[in-house]
Amino acid sequence: MFISPHHLRIINPDTLYNPQPFGYSHIVEVQQFRRIIHIAGQGGENPDGELSADFAQQVRQAFGNVQIALDCVGAKLQNIAMLRVLIVAHNEIKHHILIEIMQQFWSGQKFPACTLIPVSQLAKSEMLFEVEATAYLD
């Protein structure tokens, strides 16, 4: 068990497999908070609205965009309780890339709960990745 900011309790029961190597946690309990932050699906667009053709670059940029959104409201990645990740043409290679990048962003931290949803296409045909987040602040 790990307690991230005072209002989030991240739990990975010993009776379930360890999800940490895969970039997520089984349970995030939210307690006594004042603000809920919903971040719309962020793709890998840079500030000019351009998308790299590289999946890993889109993932890095999308999580960077989430960080920018959190900064705007005085929050951090550690305030995120839930992620929803959408991957076009999901496969093991893309999954591994996602995990590596999440481990960089959450270096030394427990991961939020996360649902990965394979999709055939996103809003723009060149989008390969999108991430939506819900954060809680006390």
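Quick notes on the rules
Residues numbered from 1 in each chain as written. Predicted model: local features only at pLDDT ≥ 70, side-chain atom pairs only at ≥ 80, totals over all residues. Heavy atoms only, no water. Pairing = 2+ DSSP bridges. Helix = DSSP H or I, 4+ residues; strand = E, 2+ residues; numbered from the N terminus. Axes fitted to C-alpha atoms, helices over the stretch in contact; angles between N-to-C directions. Contact = heavy atoms within 4.5 Å. Salt bridge = Lys/Arg side-chain N within 4 Å of Asp/Glu carboxyl O. Buried < 20%, exposed > 50% of the residue type's maximum accessible area, 1.4 Å probe, protein only. Phe/Tyr/Trp six-rings, centres within 6.5 Å; stacked < 30°, edge-to-face > 60°. Expected span 1.5 Å × (residues − 1).

1. Points about the sheet that holds strand 6 (residues 113-119)
- With mixed pairing, 4 strands are arranged side by side in an open sheet as 4-7-5-6. The open sheet is flanked by strand 4 (35-42) and strand 6, the only strands paired with a single partner. Recorded for the sheet is a direction-independent mean angle of 10° between the axes of neighbouring strands.
- Sheet topology places strand 5 (residues 80-88) next to strand 7 (residues 129-137); 7 bridges connect them, and they run antiparallel. Paired with Leu86 across the bridge in strand 7 is Glu130.
- Against the sheet, helix 1 (residues 55-72) makes contact with strand 4, strand 5 and strand 7, and its axis sits at roughly 25° relative to strand 7, the strand it touches most.
- The strands that helix 2 (residues 92-105) touches are strand 5, strand 6 and strand 7; relative to strand 5, the one it contacts most, it runs at about 150°.

2. A closer look at the environment of Glu132
- Following the sequence through the fold, Glu132 ends up in strand 7.
- Along the backbone, Glu132 and Cys114 are 18 residues apart, and their C-alpha atoms lie at a distance of 9.8 Å.
- Setting aside anything within four residues of it in sequence, one finds Glu132 in contact with Ile39, Ala40, Gly41, Met82, Leu83 and Arg84.

3. Re the pattern of salt bridges
- Applying the stated rule across the entire model yields 3 salt bridges.
- Measuring nitrogen to oxygen at the nearest pair gives 2.8 Å for the salt bridge that ties Glu29 to Arg9. With Glu29 in strand 3 (residues 27-30) and Arg9 in strand 2 (residues 8-11), this residue pair connects regions lying 20 residues apart in the sequence.
- Residue classification places Arg9 among the partly exposed positions, given a relative accessible area of 27%.
- A salt bridge links Arg84 to Glu132, with the nearest nitrogen and oxygen atoms 3.1 Å apart. With Arg84 in strand 5 and Glu132 in strand 7, this residue pair connects regions lying 48 residues apart in the sequence.
- Taking relative accessible area as the criterion, Glu132 reaches 32% and is therefore assigned partly exposed.

4. Some thoughts on the packing of aromatic side chains
- Using the criterion set out here, one finds 7 aromatic pairs in the structure.
- Between the aromatic rings of Tyr17 and Phe22, the centroid separation amounts to 6.3 Å while the plane-to-plane angle is 70°, which identifies the pairing as edge-to-face.
- Relative accessible area serves as the criterion here: at 48%, Tyr17 is assigned to the partly exposed category.

5. Re helix 1
- In a regular helix each residue adds 1.5 Å, so 18 residues correspond to 26 Å; helix 1 covers 26 Å between its end C-alpha atoms and thus fits that length.
- Buried within helix 1 we find Phe55, Ala56, Gln58, Val59, Gln61, Ala62, Phe63, Gly64, Asn65, Val66 and Leu70.
- Those residues of helix 1 that are buried are in contact with strand 4, strand 5, helix 2 and strand 7.
- Downstream of helix 1 by one or two residues, Gly74 has phi in the positive range, about 75°.

6. Let's talk about unusual backbone geometry
- A positive phi is found at Gln32, a non-glycine position, where the angle reads about 30°.
- Topologically, Gln32 is positioned in the loop between strand 3 and strand 4.
- Gln32 sits in the exposed class, given a relative accessible area of 77%.
- Within the chain, Ala89 stands out as a residue other than glycine whose phi angle is a positive 50°.
- Along the polypeptide, Ala89 turns up in the loop between strand 5 and helix 2.
- Under the relative-accessibility criterion, Ala89 is labelled partly exposed at 49%.

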